[in-house]
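Here is what each chain is made of, one letter per residue.
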Amino acid sequence: MEVSRIIAEIDAQIAKLQQARALLAGAAAVGGRRPGRPKGTTAAAKTSISRKRSKRVLSPDARKRIADAQKRRWAAHRKESDK
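Thresholds, definitions, all that
- Residues numbered from 1 in each chain as written.
- Predicted model: local features only at pLDDT ≥ 70, side-chain atom pairs only at ≥ 80, totals over all residues.
- Heavy atoms only, no water.
- Helix = DSSP H or I, 4+ residues; strand = E, 2+ residues; numbered from the N terminus.
- Buried < 20%, exposed > 50% of the residue type's maximum accessible area, 1.4 Å probe, protein only.
- Patch = residues over 30% accessible without salt bridge, like charges linked within 9 Å, V, L, I, M, F, W, Y side chains within 5 Å.
- Areas by Shrake-Rupley, 256 points an atom, 1.4 Å probe, with all protein chains shown as cover.
- Salt bridge = Lys/Arg side-chain N within 4 Å of Asp/Glu carboxyl O.

**Remarks on the overall build of the protein**
Of regular secondary structure, the protein possesses three helices and zero strands. Listing every helix and strand of the protein by position from the N terminus yields α-α-α. Scored against the burial criterion, the 83 residues of the protein give a buried share of 2%.

**Remarks on a nonpolar patch on the surface**
A cluster of nonpolar side chains, contributed by Ile6, Ile10 and Ile14, occupies part of the molecular surface with about 230 Å² of accessible area. Here Ile6 lies in helix α1 (residues 3-31). For Ile6, a relative accessible area of 35% gives the class partly exposed.

**Description of the pattern of salt bridges**
Summed over the entire model, instances satisfying the criterion amount to two salt bridges. Across the pair Lys64 and Asp68 runs a salt bridge whose closest N-O atoms are separated by 3.2 Å. Of this pair, Lys64 and Asp68 both sit in helix α3 (residues 60-82), four residues apart, which is roughly one turn of the helix. Looking at Lys64, the relative accessible area reads 52%, which means it is exposed.

Structure (structure tokens):
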């Protein structure tokens, strides 16, 4: 291939890319779309977040059972690591 032919092909590709860029830039300007969250969605997001879940409460018996079970797990773990 001759250098002049390569340069001509590169120029043709550059022209196509510039045309595609112009079309995309025009479409973006017409659509008016901007990056980020669309307007009007913040109120919906706030209402879903603002609903507060009730705090879970354990009875003292349940808390003691969980603590005892965890103590047994740690005792078994220490027994294994001593071997």
